[in-house]
Amino acid sequence: MNRWTAAVLQLFALTLVSLVSLTGPGAMAQSYPSKPIRLVVGFPAGSTTDVVARVLAAGLQNTLKQSVVVENRPGASSMIAATNVAAAPADGYTLLFATLPTLSTGTLNEKLPIDPINDFTPVAQVLGAQFMLAGSADLPASTLVEFINLLKAAPAKYQYGSSGNGSTIHLSAELFNRGIGVDVLHVPYKGTSEAVQDLLGKKINYAFIGLENLQHVRSGALKGFAVSGAKRDPVAPELPTISEALPGFTAATTMLVFGPKALPRAITDTLNQAINRVLVSDEFVQKAKALGGLIIATNSTPDSTRTFVRDEINRWDAIVKASKLKN
């Protein structure tokens with residue numbers, strides 16, 4: 001081989017390396033996103049989760065300079081949405097906006113179609129939210145203690161609603177019921193908004209609902225008994241925490257963004273950084289405050305999100321097993 005042939009071969013090799021680098025994961029991340037992104041939500045339009053998803057989508061659209069479209073696929077405790085995203089290509093154009101512990105309902109359903117740990121790539125935490133324990137206006141109780149005593153006296157008389165079997169508010173209500181030692185009939189709905197409507201219509205007696213429904217309490221259409229978190233909420237300081245009557249009780253939900261499994265790390269990092277920028281924007285902060293009861297996550301990483309997901313799933317699975325809940 002003469003030196004000219006060697007030089008040509010070396011040039012060819014360098015060109016090949018350049019082409020590979022241009023078409024590899026790094027280049028894909030640099031060009032991402034180049035088309036609209038779907039943000040799939042397992043709750044109906046108008047629910048708190050849907051509202052937050054739409055505010056986040058609008059912020060991401062401005063940050064990423066690409067359309068981000070919210071797609072509602074409610075039902076089966078978010079499993080319809082989750083299976084759709086789990087089966088999507090791992091290219092960053094189909095994402096799941098989900099809540100924990102909703103994704104951790106495996107112990108409620110032995111035929112769960114997805115594995116919440118292994119079928120997704122955690123991207124970022126978005127919000128934490130506590131709930132309000134609310135009752136229908138005709139309940140003969142005005143305080144949390146009076147309500148607890150009412151349930152204890154005749155639990156078979158009452159029904160509680162939720163946004164579906166295995167949903168966060170279902171598990172929160174069961175945690176509350178078990179804590180005070182009662183067994184109450186559960187009425188599942190497709191979403192929280194449907195449960196709220198039947199609570200307003202006095203078709204069910206109580207439910208854990210979002211603090212965005214506080215206006216119904218202040219108008220007298222519902223009774224507010226307590227909040228579910230560790231501290232009283234600034235938007236409703238008059239409501240005690242459940243732990244004030246039931247020590248140690250806490251229940252909340254966390255909203256997160258996931259991609260399909262094996263989402264390239266470069267794309268995951270791009271999305272994580274974009275989400276964190278949106279979360280500190282004035283527009284997002286103001287809209288989150290208006291909803292009430294929401295705590296914005298800050299500076300989560302894909303790795304810290306994965307650890308959080310594992311810990312939360314373990315915690316709620318233990319609660320489900322202890323309560324012996326099944327679909």
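This structure is a prediction, so every number in the text was calculated from the model and none was measured. (Residues numbered from 1 in each chain as written. Predicted model: local features only at pLDDT ≥ 70, side-chain atom pairs only at ≥ 80, totals over all residues. Heavy atoms only, no water.)

## Here we look at the pattern of salt bridges
Any two side chains of opposite charge can pair, so long as their charged atoms come close to each other. Summed over all chains, the structure comprises ten salt bridges. Residue Glu 174 pairs with Arg 178 through a salt bridge whose shortest N-O separation is 3.2 Å. In this pair, Glu 174 and Arg 178 are both assigned in helix H6 (residues 168-180), four residues apart and thus about one turn of the helix distant. In this structure, Arg 265 and Asp 269 form a salt bridge, with 2.8 Å as the shortest nitrogen-oxygen distance. Within this pair, Arg 265 and its partner Asp 269 are both found in helix H9 (residues 265-279), separated by four residues, close to a single helical turn. Judged by its relative accessible area of 24%, Asp 269 falls in the partly exposed class. Several salt bridges share partner residues, and in doing so they unite Arg 38, Glu 71 and Arg 73 into one network. (Salt bridge = Lys/Arg side-chain N within 4 Å of Asp/Glu carboxyl O. Helix = DSSP H or I, 4+ residues; strand = E, 2+ residues; numbered from the N terminus. Buried < 20%, exposed > 50% of the residue type's maximum accessible area, 1.4 Å probe, protein only.)

## Focus on empty space enclosed by the protein
According to the stated counting rule, one finds two cavities of 30 Å³ or more in the structure shown. The wall of the largest cavity is formed by 23 residues, among which Thr 48, Thr 49, Phe 131, Thr 192 and Thr 253 lie closest to the centre. When residues of the lining of the largest cavity are traced back to their parent elements, those giving at least two are helix H3 (48-64), strand E4 (120-130), H6 and strand E10 (252-260). Tallied by class, the residues present in the lining of the largest cavity amount to eight nonpolar, 14 polar and one charged. Of the pockets and cavities examined, the second largest cavity occupies roughly 30 Å³. Considering the residues around the second largest cavity, the lining is formed by Val 52, Val 55, Leu 127, Phe 284, Lys 287, Ala 288, Leu 291 and Leu 294. Looking at the lining of the second largest cavity, the elements with two or more residues in it are H3 and helix H10 (282-291). If you tally residues by element for the lining of the second largest cavity, the top one is H10, at four residues. Per-class residue counts for the lining of the second largest cavity are seven nonpolar, no polar and one charged. (1 Å grid on protein atoms, 1.4 Å probe; cavity = no way out; pocket = protein on both sides within 12 Å on 5 of 7 lines; lining within 4 Å. Points joined across faces, edges and corners; volume = space filled by probe spheres on them. Nonpolar A, V, L, I, M, F, W, Y, C, P; charged D, E, K, R; others polar.)

## A short note on helix H4 (residues 79-86)
When we look at burial in H4, the residues that qualify are Met 79, Ala 81, Ala 82, Asn 84 and Val 85. For H4, the secondary structure elements touched by its buried residues are strand E1 (37-41), strand E3 (94-100), E4 and E10. (Contact = heavy atoms within 4.5 Å.)

## So, the nonpolar core
Judged by nonpolar contacts, the single largest core of 35 residues is most densely connected at Val 52, Leu 56, Phe 97, Val 126, Ile 275 and Phe 284. At the level of secondary structure, the elements contributing two or more residues to this core comprise E1, H3, strand E2 (68-72), E3, E4, E10, H9 and H10. For this core, the leading source of residues is H3, giving seven residues. Among residues more than four places away in sequence, those in contact with Leu 56 are Phe 97, Val 126, Val 257, Ile 275, Val 278, Leu 279 and Phe 284. Core analysis: the second largest hydrophobic core is formed by 30 residues, Leu 133, Ala 141, Ala 173 and Phe 208 among them. (Core = buried A, V, L, I, M, F, W, Y, C linked by side-chain atoms within 4.5 Å.)

## Side note on the packing of aromatic side chains
Tallied over the entire structure, the rule returns nine aromatic pairs. Here the aromatic rings of Phe 147 and Tyr 206 are separated by 5.1 Å at their centres, their planes lie at 75°, and the arrangement is edge-to-face. Pair noted here: Phe 147 is in helix H5 (residues 144-153) and Tyr 206 is in strand E8 (residues 206-209), with a separation of 59 residues, a long-range link. Neither Phe 147 nor Tyr 206 differs from the other in exposure class; each is buried. Three or more aromatic residues joined by ring pairs form one cluster here, namely Phe 147, Tyr 160, Phe 176, Tyr 206, Phe 208, Phe 225 and Phe 249. When the ring centre of Tyr 93 is taken as reference, the NZ or CZ atom of Lys 35 above it lies at 4.8 Å. (Phe/Tyr/Trp six-rings, centres within 6.5 Å; stacked < 30°, edge-to-face > 60°. Lys NZ or Arg CZ within 6 Å of the ring centre and 35° of its normal.)

## Quick look at the pairing of strand E6 (residues 159-162)
The pairing of E6 with strand E7 (residues 185-188) spans four bridges and is classified as parallel. Bridge pairing in E7 links Gln 159 to Leu 185. With H6 bridging E6 and the parallel E7, this β-α-β connection has right-handed handedness. (Pairing = 2+ DSSP bridges. Right-handed = clockwise from strand over helix to strand, strands pointing away.)

## As for the sheet that holds strand E5 (residues 132-136)
Strand order across the open sheet formed by five strands is E7-E6-E8-E5-E9, with mixed pairing between neighbours. With partners counted over all chains shown, the strands left at the sheet margins are E7 and strand E9 (222-227), one partner each. Here the average twist between neighbouring strands, direction ignored, is 30°. Across five bridges, the pairing between E5 and E9 is antiparallel. The partner of Met 132 across the bridge, within E9, is Val 227. Along the sheet face, H6 touches E5, E6, E7 and E8 and points at about 150° away from the line of E6. Sheet strands touched by helix H7 (residues 192-200): E5, E6, E8 and E9. Its angle to E8, the strand with the most contacts, is close to 140°. (Axes fitted to C-alpha atoms, helices over the stretch in contact; angles between N-to-C directions.)

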